[in-house]
Amino acid sequence: MLTADDKKLISQIWTKVAEHGKEFGGEALERMFITYPQTKTYFPHFDLHVGSEQVRSHGEKVVNALSNAVKNLDNLSQALAELSNLHAYNLRVDPVNFKLLSQCFQVVLAVHLGKEYTPEVHSAYDKFLSAVASVLAEKYR
Ligand code: HNI
């Protein structure tokens, strides 16, 4: 459950993330593919080399989807409904992978935000990304 303070921190910090969609999103995916190579099986049609423009563009799409989630923190299920359908019915991504990407995304935030990624911000983002992951996985039930 996101508290009012969590929501404030998530929105404030997101302004620094949204403008770096390709860089931050691309790095999160790159970290996921390198650290958890089994995740590459969902992207057989992608160029997965380090620095791949295709991965950077996909990272930007992921960040844009998260921007939409940040704007709708009180209404995540509805805001992410279409993506939830896509991941469950079309892409059939095993939900364990959402946790892996969330974890990599948090590493990217820590690396790039440095001191601004305080324990409170970390906690707020951990909750936010878990909430996004549960919405993306809710159609599997
Ligand atoms: Ni995901 C496509 C957002 C986690 C595999 N994914 C998308 C798109 C968005 C998106 C946005 C583009 C939709 C479109 O084109 O209409 N994905 C997200 C978000 C998360 C996430 C917000 C979690 C925070 N996706 C994952 C994970 C995997 C994954 C963990 C697998 C390991 N996603 C895919 C694949 C595609 C995809 C595969 C299709 C890519 C393509 O272009 O062919």
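The coordinates are above.
Treat the numbers as computed from the prediction; the structure is a model and nothing was measured.

Thoughts on the site of the ligand
Thinking step 1. The environment of the ligand is formed by 18 residues, the closest being Tyr 42, His 45, His 58, His 87 and Asn 97.
Thinking step 2. Within the side chain of His 45, an N or O atom sits 2.7 Å from an oxygen atom of the ligand.
Thinking step 3. Within the side chain of His 87, a nitrogen or oxygen atom sits 3.0 Å from a nitrogen atom of the ligand.
Thinking step 4. With respect to the detected pockets, the ligand is housed in the largest pocket.
Thinking step 5. Counting residues per element, the ones that place at least two in the shell around the ligand are α3 (53–71), α5 (81–91) and α6 (96–113).

Quick word on the coordination of the nickel atom of the ligand
Under ideal tetrahedral coordination, the four donors around a metal are separated by 109.5 degrees; under ideal octahedral coordination, the six donors are separated by 90 or 180 degrees.
Thinking step 1. Of all protein atoms, just one serves as a donor to the nickel atom of the ligand, and that atom is His 87 (NE2), at 2.2 Å.
Thinking step 2. Note that His 87 resides in helix α5.

Remarks on the side chain of Gln 106
Thinking step 1. Residue position: Gln 106 is located in helix α6.
Thinking step 2. In this structure Gln 106 comes out as buried when scored by relative accessible area, which is 10%.
Thinking step 3. Here the side chain of Gln 106 touches Asp 126 through a polar contact of 3.0 Å, side chain to side chain.
Thinking step 4. The residues touching Gln 106, leaving out its near neighbours within four places in the chain, are Tyr 117, His 122, Tyr 125, Asp 126 and Leu 129.

Here's the deal with helix α7 (residues 119–137)
Thinking step 1. For α7, with 19 residues, the first-to-last C-alpha span of 27 Å sits near the 27 Å given by 1.5 Å per residue.
Thinking step 2. Those residues of α7 that are buried lie in contact with α1 (4–18), α3, α4 (76–79), α5 and α6.

So, α1
Thinking step 1. With 15 residues, α1 ought to run about 21 Å at 1.5 Å a step, and its terminal C-alpha atoms sit 21 Å apart, in line with that.
Thinking step 2. Three or more residues of α1 are buried, namely Asp 6, Ile 10, Ile 13, Trp 14 and Val 17.
Thinking step 3. Next to the buried residues of α1 lie α2 (21–35), α3, α6 and α7.

Overview of the layout of surface pockets
Thinking step 1. Of the voids in this model, the largest pocket is the one considered here, and its volume is about 700 Å³.
Thinking step 2. Along its surface, the largest pocket is lined by 27 residues, and His 58, Val 62, His 87, Phe 98 and Leu 101 are the ones closest to its centre.
Thinking step 3. Where the lining of the largest pocket is concerned, the elements lending two or more residues are α2, α3, α5, α6 and α7.
Thinking step 4. Partitioning the lining of the largest pocket into residue classes produces 20 nonpolar, six polar and one charged.
Thinking step 5. Within this model, the second largest pocket holds a volume of roughly 210 Å³.
Thinking step 6. For the lining of the second largest pocket, the secondary-structure elements that each account for two or more residues are α6 and α7.
Thinking step 7. Examining the composition of the lining of the second largest pocket, we find that six residues originate from one element, α7, more than from any other.
Thinking step 8. Partitioned by chemical class, the residues of the lining of the second largest pocket number five nonpolar, five polar and two charged.

Rules used in this analysis
- Residues numbered from 1 in each chain as written.
- Predicted model: local features only at pLDDT ≥ 70, side-chain atom pairs only at ≥ 80, totals over all residues.
- Heavy atoms only, no water.
- Near = heavy atom within 4 Å.
- Polar contact = N/O pair within 3.5 Å; in protein donor to acceptor, adjacent residues only side chain to side chain.
- 1 Å grid on protein atoms, 1.4 Å probe; cavity = no way out; pocket = protein on both sides within 12 Å on 5 of 7 lines; lining within 4 Å.
- Sits in = over half its atoms within 2 Å of the grid points.
- Helix = DSSP H or I, 4+ residues; strand = E, 2+ residues; numbered from the N terminus.
- Donors = N, O, S within 2.8 Å, 3.2 Å for Na, K, Ca; no water.
- Buried < 20%, exposed > 50% of the residue type's maximum accessible area, 1.4 Å probe, protein only.
- Contact = heavy atoms within 4.5 Å.
- Expected span 1.5 Å × (residues − 1).
- Points joined across faces, edges and corners; volume = space filled by probe spheres on them.
- Nonpolar A, V, L, I, M, F, W, Y, C, P; charged D, E, K, R; others polar.

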